[in-house]
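# Structural overview
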Amino acid sequence: MTAKKAYSRMGFLYLVFSLVVLVVQLGLSLVLYSCFPDVYDSYTALTVLSSISLYAAGLLILPPGARLAFGKERAVLQKHSMKLSQLLQAFCVTYLIVVVSNWIGQLVIGLAENLSGTVIENPVDELVEYVSPLVLMVLTGLIAPVFEEWFFRKILVDRLLKFGEAAAILVSGLMFGLFHGNLDQFFYAFAIGSFFAYIYIRTGKIHYVMILHGMLNIMSSVVLNGLLSFVDLEAFYVAATDSASLLRYCLENPVGISALLIAEGLVYCILIMGVIFLIRGRKHFFVRPQENEPSDGRFGPALLNAGMICFVIYSVAYILLDTFWL
């Protein structure tokens, strides 16, 4: 099987997965709206049912679909263990990548808002605001990392690695970013998806990226938001325009200010360590040539094929519709 054909099959497989998820979740919403309005009005219940339907669809479609499209043929990755210190270093670099890519994403979103006159909502904000912390921790810290890393790293990389590491890393990140289905999450999901694919290739152990994914989600959605829930940020920003008002606000809200300082200190420490670890380890980032790597370029056969083009067109259309019209 050629690289172009393999990537095309993978593109069509994930397109079918995306369409099935869309149909299932639309049908589920209609049933809940018509028959169980109380459940439909509960953001937590709706989020849990939506997640269950998404990962159930993935289980029913992706593993058997990959076996059907590729048979038993898959890459055998060399196994390498990570020490706890290395895992923590990788987490700091991951968080740095998220912050930088999110900054880029916010610049693009700001430009899109100015051009369209539309306020682009971040679905993660609603998730954090309306879903209970316990449910959020289980969903984002445990369930999502396990299934998403299996779907977008192991299934993809195991079948595509032999056609080149760079292309497999790029496509894993791109498909992961597009599958999130919104403009706000695309940029950092693309970036960390690519980084996680690289770590999986180098270690050969999927549980490392599952752990990193869970740590990142818990840090962002649970720990930081839990700390920031103690402070009224809007009131703080208003008070911060004047030194006397800021001092008065700090004296009147010691718990909130303490939580804010802890959150900011934690973030800056992680970012600084991420920069240090990235600079120190820069020589260890490399891609190895593969035996079946196409001679006509690393990315052309991986992206310029019917399956990947259809998947990208559908995903981009969905994101644009969700962002500007729905």
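Quick note: structure is the one above.
For clarity, every value in this text was computed on a predicted model and none was experimentally measured.

Here is what the cut-offs are and how they apply
- Residues numbered from 1 in each chain as written.
- Predicted model: local features only at pLDDT ≥ 70, side-chain atom pairs only at ≥ 80, totals over all residues.
- Heavy atoms only, no water.
- Helix = DSSP H or I, 4+ residues; strand = E, 2+ residues; numbered from the N terminus.
- Rg over C-alpha atoms; globule rule 2.2 N^0.38 Å.
- Buried < 20%, exposed > 50% of the residue type's maximum accessible area, 1.4 Å probe, protein only.
- Contact = heavy atoms within 4.5 Å.
- Core = buried A, V, L, I, M, F, W, Y, C linked by side-chain atoms within 4.5 Å.
- Axes fitted to C-alpha atoms, helices over the stretch in contact; angles between N-to-C directions.
- Parallel < 35°, antiparallel > 145°, perpendicular 65-115°, else oblique.
- Left-handed = near helix turned anticlockwise from the far one by under 90°.
- Nonpolar A, V, L, I, M, F, W, Y, C, P; charged D, E, K, R; others polar.
- Expected span 1.5 Å × (residues − 1).
- Arc of directions from axis to C-beta.
- Salt bridge = Lys/Arg side-chain N within 4 Å of Asp/Glu carboxyl O.
- Polar contact = N/O pair within 3.5 Å; in protein donor to acceptor, adjacent residues only side chain to side chain.
- 1 Å grid on protein atoms, 1.4 Å probe; cavity = no way out; pocket = protein on both sides within 12 Å on 5 of 7 lines; lining within 4 Å.
- Points joined across faces, edges and corners; volume = space filled by probe spheres on them.
- Phe/Tyr/Trp six-rings, centres within 6.5 Å; stacked < 30°, edge-to-face > 60°.

## Quick word on the overall build of the protein
When you go through the protein residue by residue, the secondary structure sums to 14 helices and zero strands. Helices and strands appear in the protein in the N-to-C order α-α-α-α-α-α-α-α-α-α-α-α-α-α. Taken over the C-alpha trace, the protein has a radius of gyration of 21 Å; the compact-globule value for 326 residues is 20 Å, and the two agree within 12%. With 326 residues in all, the protein has 43% of them scored as buried. Of the contacts formed within the protein by residues at least 6 apart in sequence, a portion of 82% connects residues at least 24 apart.

## With respect to the nonpolar core
Grouped together as the largest cluster of nonpolar side chains are 81 residues, with contacts concentrated most on Y7, Y14, F17 and Y95. Here the element with the most residues in this core is helix α8 (residues 183-203); it accounts for 13 residues. Beyond its immediate sequence surroundings of up to four residues, Y14 is in contact with L62, F151, F152, I155, L156, M175 and F311. Membership of the second largest hydrophobic core comes to six residues, among which are A239, Y249, I257 and L260.

## Considering the packing of helix α1 (residues 3-35) against helix α6 (residues 133-160)
The description of two helices packed together rests on the angle between their axes and the distance between the axes. Put simply, α1 and α6 touch, their axes get as near as 11 Å, and they point 155° apart. Between α1 and α6, the interaxial angle falls into the category roughly antiparallel. In this structure, α1 meets α6 at a crossing whose hand is right-handed. Touching A6, Y7, M10, Y14 and F17 of α1 are F151, F152, I155, L156, R159 and L160, all from α6. Split by residue class, the contact of α1 with α6 holds 10 nonpolar, no polar and one charged.

## Re helix α14 (residues 306-324)
Between its first and last C-alpha, α14 extends 27 Å over 19 residues, near the 27 Å set by a 1.5 Å rise per residue. For α14, every residue scored as buried is listed here: G307, M308, F311, S315, I319 and T323. Buried positions in α14, seen along its axis, are confined to an arc of 115° and lie on one side of it. Those residues of α14 that are buried lie in contact with α1, α7 (165-179), α8 and α13 (300-303).

## With respect to the pattern of salt bridges
As enumerated under the stated definition, the model contains three salt bridges in all. When the shortest N-O distance is used, the salt bridge between R153 and E149 registers 2.7 Å. With R153 and E149 both in helix α6, this residue pair falls four residues apart, about one helical turn. Accessibility expressed as a relative area gives 0% for E149, which makes it buried. The salt bridge partner of R202 is E165, with a shortest N-O separation of 2.7 Å. Here R202 is found in helix α8, whereas its partner E165 is found in helix α7, with 37 residues between them in sequence. The class of E165 is buried, set by a relative accessible area of 3%.

## Digging into the side chain of D158
Relative to the elements of secondary structure, D158 occurs in helix α6. Note on D158: relative accessible area 3%, which makes it buried. In this structure the side chain of D158 is engaged in a polar contact, spanning 2.7 Å, whose partner is the side chain of Y200. Apart from residues lying up to four places away in sequence, D158 is in contact with R74, A75, L77, R153 and Y200.

## A word on empty space enclosed by the protein
All chains considered together, the criterion is met by one cavity of 30 Å³ or more. When its volume is computed, the largest cavity comes out at roughly 50 Å³. Considering the residues around the largest cavity, the lining is formed by F70, E73, R74, A75, D158, R159, L160, L161 and K162. Looking at the lining of the largest cavity, the element that brings in the most residues is α6, giving three residues.

## As for the packing of aromatic side chains
For the structure shown, the criterion picks out 17 aromatic pairs. On the basis of an interplanar angle of 50° and a centroid distance of 5.9 Å, the ring pair of F147 and F151 is categorised as tilted. Placement of the pair is F147 and F151 together in helix α6, with a separation of four residues, close to one helical turn. According to the relative accessible area criterion, F151 is buried, its value standing at 1%. Note on Y198 and F285: the rings are 5.5 Å apart at their centroids and 35° apart in plane angle, and the pair reads as tilted. Here Y198, found in helix α8, pairs with F285, found in the loop between α12 (254-280) and α13; they are 87 residues apart in sequence, far enough to count as distant. Under the relative-accessibility criterion, Y198 is labelled buried at 11%. Looking at F285, the relative accessible area reads 36%, which means it is partly exposed.

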